[in-house]
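Residue-level structure breakdown
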Amino acid sequence: MTTTTTGPDTTRSPGSRPALRRRGDLIFSGTALGAGIIILVTLAAVAVFLIVQAIPALAPDTTNNHILEGQSFLSWVWPFVFGTLWSSFIALVIAAPVAIGIALFISHYAPRRLAGVLGYVIDLLAAVPSVVFGLWGALTFAPMLVPFYKWLNENLGWIPLFGGTPSGTGKTILTASLVLAVMILPIMTAICREVFLQTPKLHEEAALALGATRWEMVRMAVLPFARSGMVSGAMLGLGRALGETMAVTLVLSPLGIITFNLINPENPTTIPAIIALRFPEAHDEGVNTLIAAGLILFIVTFAVNFIARWIVSRRAEFSGAN
Amino acid sequence: MTATLTPAPVATTTHSTSAGHLPKWAPWALLLVAFVISGTIFAFMNAGGDPADFNIALTLVVGLVFYIILIFVISSVIESRRHAVDRLMTALVSGAFVVALLPLISLLYTVVVNGLMRFDGEFFSFSMRNIVGEGGGAVHAIWGTLLITLGATIISVPIGLMTSIYLVEYGEGRRLARGITFLVDVMTGIPSIVAGLFIYSVFALIVGPGTRMGIMGSLALSVLMIPVVVRGSEELLRIVPNELREAAYALGVPKWLTIIKVVLPTAIAGITTSIMLAISRVIGETAPLLLTVGVVQGMNLNMFSGQMATLPVFSYMQAKYPGIPVDAYLERAWAAALTLIVIVMVLNLLARIIAKVFAPKINGR
């Protein structure tokens with residue numbers, strides 16, 4: 001057996017076969033490498049093209065710019081930056097505990113056989129197109145919340161967040177943030193679930209063997225182990241919320257003021273929303289202005305995602321080494 | 001109460017715990033009691049009103065709150081404080097799941113109910129050309145969506161698949177491969193509107209400002225789709241057992257043929273699944289198409305000239321800028337949303353079925 005296989009191998013290897021083999025391999029691996037490099041180039045090109053197109057918006061004289069109308073770019077964009085950060089922050093505060101709860105439920109509480117199905121149900125939330133979330137948020141969810149906002153205003157109006165006159169349509173920054181919270185649940189849940197499942201079984205069993213209840217086991221074994229994973233899951237969710245366009249565009253009316261109030265009819269709005277609203281009719285420097293706003297959004301979300309992924313990848317290496 | 005119960009376990013050695021235990025059915029019974037209480041309260045508040053006004057979601061939420069309070073109090077009285085906290089957390093964690101389901105159910109229900117009003121033959125056979133007010137349809141938008149998504153798929157799949165082949169087969173352990181994996185992950189977080197702005201800027205520099213056409217939409221969607229395809233197929237190529245590759249190498253098959261003839265066919269079902277999931281992710285994208293493809297009232301099947309209508313943008317425009325009568329516009333928006341949801345769900349379902357039917361080749365070993 002060995003003689004028959006080694007025989008032809010040794011006679012063939014100095015012949016023409018290896019050269020042919022190498023050419024096919026070279027072409028194929030070259031294509032594969034090229035595809036990988038295209039992705040890196042695309043990412044770099046996004047930054048370069050946005051910067052190039054954004055520069056005209058920073059010109060000192062903006063009287064001819066139909067969006068800036070004489071303001072400086074920074075004073076125009078600041079309220080939208082505030083709105084983006086504020087709405088995403090609220091969404092994160094609402095969604096993070098719920099996402100951790102769902103992830104725990106699927107990984108440690110639900111019957112093993114159901115866990116897969118339940119995970120799929122949560123993934124369905126991610127499959128719903130954002131414009132449908134926007135429609136639902138603006139036409140169904142917002143009217144539902146009107147009595148709730150009224151109640152908040154009457155009973156908790158002394159907190160500045162809920163002061164003023166509550167909106168009669170329900171189209172407020174809090175509604176937008178609630179819709180955003182629902183939209184970022186799936187990604188946060190997915191990441192948390194993954195790290196919860198990575199908890200060493202021995203740690204869990206040791207805790208249970210010492211007489212811990214299930215919650216004590218979770219608190220002592222699972223949560224400390226998963227802390228960095230939960231942080232990065234939350235940051236990925238934040239990244240999604242920062243860049244989400246349609247839900248906010250449909251729910252909020254574009255006033256672009258700065259206020260922390262959650263339930264008033266006058267609301268701040270976000271960068272992606274203002275781009276989507278103004279872009280179709282924008283021309284000349286107006287387009288550049290909106291692209292400059294998009295560049296800010298890109299930098300912020302890139303940084304958030306970069307840090308989140310960095311935490312995840314550092315962790316993966318760490319747990320892989322164990 | 002606890003004081004009277006604690007001597008019991010000491011006396012009878014069979015009970016090893018320090019306190020009594022709630023029977024297994026107790027949480028369920030309490031849950032039922034909580035819902036009955038909450039249901040009664042809301043039924044009284046709604047008394048004399050329209051039964052349709054009965055607020056199911058609020059009833060559920062209030063019922064859950066009642067349950068959480070009940071189980072905590074009863075458990076801390078009968079069992080120990082530690083068990084009470086455990087039961088409280090179990091209730092909260094399960095409650096989180098239910099709370100997440102409510103918006104999903106509400107959303108699907110509203111979309112189906114409102115969408116069915118105009119989910120008719122006219123909607124699927126007419127465009128919006130020369131239509132003001134009632135009537136009209138979205139056939140132009142459906143074609144636009146299909147063409148643009150097809151274009152995005154044709155661009156993304158080869159690039160995404162080849163990248164994942166590089167990552168798994170050639171780049172193992174190399175710094176470039178690790179960099180690509182990392183940046184692909186970061187790329188999945190790029191806001192969709194930024195992808196639209198990027199493609200718009202590229203064409204503004206090359207073709208001229210204000211260019212809008214179908215292929216731009218395909219390219220913008222590709223920016224969003226490629227990372228998803230890469231991550232999905234990378235995972236599946238990785239689970240192809242190494243023995244298969246080694247067997248092929250031992251037979252003298254070159255590496256590239258091994259990949260094409262052995263590795264890819266083994267993983268093809270899973271890769272198809274991940275591609276379909278990626279399509280379902282981008283088919284509903286609105287913002288990039290709004291910026292790059294624009295919107296038009298009539299049919300345009302030319303990807304390389306003129307604006308095109310797409311379902312998500314159609315839905316958005318009808319809802320955001322309704323004319324008179326408003327309801328006609330909103331109904332069209334909902335019908336378009338329902339069409340989108342149906343497409344996405346069918347894609348998802350097909351993907352899962354393909355994965356289920358063809359995948360166990362590897363797991364069955």
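Residues numbered from 1 in each chain as written. Chains lettered and ligands numbered in written order. Predicted model: local features only at pLDDT ≥ 70, side-chain atom pairs only at ≥ 80, totals over all residues.

The next subject is the overall build of chain B. Counting its secondary structure elements, chain B contains 15 helices and zero strands. Across its three principal directions, the C-alpha atoms of chain B cover 85 × 70 × 35 Å. Per-residue burial over chain B gives 45% buried out of 365 residues. For chain B, long-range pairs separated by at least 24 residues make up 72% of all intrachain contacts whose partners lie at least 6 apart in sequence. (Helix = DSSP H or I, 4+ residues; strand = E, 2+ residues; numbered from the N terminus. Buried ≥ 20, exposed ≤ 12 C-beta atoms within 10 Å, placed from the backbone. Contact = placed C-beta atoms within 7 Å.)

On to the overall build of chain A, then. When helices and strands are counted, chain A shows 11 helices and zero strands. Each helix and strand of chain A, ordered N terminal to C terminal, gives the series α-α-α-α-α-α-α-α-α-α-α. When its C-alpha atoms are laid out on the principal axes, chain A stretches across 90 × 65 × 30 Å. Burial status across chain A gives 47% buried among its 322 residues. Of the contacts made within chain A by residues no fewer than 6 positions apart, 80% connect residues no fewer than 24 positions apart.

Formed by 190 residues in total, the largest nonpolar core has its most connected members in Met188(A) and Ala337(B). In terms of residues, this core owes the most to one element, helix 6 (residues 173-198) of chain A, which gives 17 residues. Those residues within four positions of Ala337(B) in sequence are excluded, and the remaining contacts are Val131(A), Val132(A), Leu135(A), Val111(B), Gly115(B) and Ser315(B). Residues Leu30(B), Tyr67(B), Ile68(B) and Ala91(B) belong to the second largest nonpolar core, which totals seven residues. (Core = buried A, V, L, I, M, F, W, Y, C linked by C-beta atoms within 7 Å.)

The subject of this paragraph is the environment of Ile68(B). Residue and element names in this part refer to chain B. Mapped onto the elements, isoleucine 68 comes out in helix 4 (residues 56-78). Classification of isoleucine 68 by C-beta neighbours within 10 Å gives buried; the count is 20. Remark: the alpha-carbon pair of isoleucine 68 and leucine 31, spanning 37 residues in sequence, is separated by 8.7 Å.

Turning next to helix 14 (residues 311-320) of chain B. The element helix 14 of chain B is largely enclosed, with a buried count of nine among its 10 residues. Of all the residues in helix 14 of chain B, the buried ones are Leu311(B), Pro312(B), Val313(B), Phe314(B), Ser315(B), Tyr316(B), Met317(B), Gln318(B) and Ala319(B). Against helix 5 (130-156) and helix 9 (246-251) of chain A together with helix 7 (139-170), helix 13 (287-292) and helix 15 (326-358) of chain B lie the buried residues of helix 14 of chain B.

Before going further, it helps to spend a moment on the interface of chain A and chain B. Taken together, the contact between chain A and chain B spans 67 residues of the former and 69 residues of the latter. With 19 residues, helix 2 (residues 17-54) of chain A is the single largest residue contributor to the side of chain A that touches chain B. Residue composition of the side of chain A that touches chain B, grouped by class: 45 nonpolar, 17 polar and five charged. (Nonpolar A, V, L, I, M, F, W, Y, C, P; charged D, E, K, R; others polar.)

Residue and element names in this part refer to chain B. When the domains of chain B are assigned, the result is domain 1 (2-118) and domain 2 (125-361). Computed from C-alpha atoms alone, the centre-to-centre distance between domain 1 and domain 2 is 42 Å. Residue-level contacts link six residues of domain 1 with seven residues of domain 2. Of the residues contributing to the side of domain 1 that touches domain 2, the split by class is three nonpolar, two polar and one charged. (Domains from an automatic or database assignment.)

All names here are of chain A. Mean pLDDT for chain A: 84, with 91% of residues reaching 70 or above. Counting interchain partners and residues more than four positions distant, the pLDDT-below-50 stretch residues 1-16 has two contacts. Contacts of residues 318-322 to residues separated by more than four positions or lying in other chains number one contact, the stretch itself having pLDDT below 50. (pLDDT = per-residue confidence, 0-100.)

When cut into domains, chain A gives domain 1 (2-50) and domain 2 (64-321). Placing a centre on the C-alpha atoms of domain 1 of chain A and another on those of domain 2 of chain A gives a separation of 43 Å.

What follows covers the environment of Gly116(A). All names here are of chain A. Relative to the helices and strands, glycine 116 is located in helix 4 (residues 112-127). C-beta crowding within 10 Å serves as the criterion here: with 11 such atoms nearby, glycine 116 is assigned to the exposed category. Separated by 97 residues in sequence, glycine 116 and threonine 213 place their C-alpha atoms 24 Å apart.

Turning our attention to the packing of helix 7 of chain B against helix 12 (residues 255-282) of chain B. Residue and element names in this part refer to chain B. Following both chains from N to C, one finds helix 7 and helix 12 inclined at 135°, their axes separated by 11 Å at the closest point. Considering the angle they form, helix 7 stands oblique to helix 12. Between helix 7 and helix 12 the crossing geometry is right-handed. Contacts from Thr149, Ala152, Thr153, Val157, Ile165 and Glu169 of helix 7 reach helix 12 at Ile259, Ile275, Ile279 and Val282. Of the residues assigned to the contact of helix 7 with helix 12, the class counts are seven nonpolar, two polar and one charged. (Axes fitted to C-alpha atoms, helices over the stretch in contact; angles between N-to-C directions. Parallel < 35°, antiparallel > 145°, perpendicular 65-115°, else oblique. Left-handed = near helix turned anticlockwise from the far one by under 90°.)

Turning our attention to the confidence of the model for chain B. Interpretation of the predicted coordinates at a detailed level should be avoided for regions scoring low in pLDDT. Residues and elements named next belong to chain B. Per-residue pLDDT for chain B averages 85, and the proportion of residues at 70 or more is 91%. When pLDDT is averaged over each helix and strand of chain B, the minimum, 42, is found for helix 2 (residues 7-11) and the maximum, 93, for helix 7. Confidence drops under pLDDT 50 across residues 1-18; counting only partners more than four residues distant or on other chains, this segment forms 11 contacts. Note on the complex model: pTM 0.86, ipTM 0.86.

This part takes up unusual backbone geometry. The peptide bond linking Ile324(B) to Pro325(B) adopts the cis configuration, its omega dihedral lying at -5°. Its place among the elements puts Pro325(B) in the loop between helix 14 and helix 15. You will see that Asp284(A), though not glycine, has its phi angle at about 50°, which is positive. Relative to the helices and strands, Asp284(A) is located in the loop between helix 10 (271-278) and helix 11 (285-321). Classification of Asp284(A) as partly exposed rests on a count of 14 C-beta atoms within 10 Å. A positive phi angle, near 60°, is found at Asn130(B), a position not held by glycine.

Another aspect to go through is the environment of Gly189(B). By secondary structure assignment, the location of Gly189(B) is in the loop between helix 8 (175-187) and helix 9 (192-206). With 22 C-beta atoms counted inside 10 Å, the residue Gly189(B) sits in the buried group. C-alpha separation for the pair Gly189(B) and Leu224(B), spaced 35 residues apart in sequence, amounts to 8.8 Å. For Gly189(B), the contacting residues outside a window of four places in its chain are Leu236(A), Gly239(A), Thr301(A) and Asn305(A).

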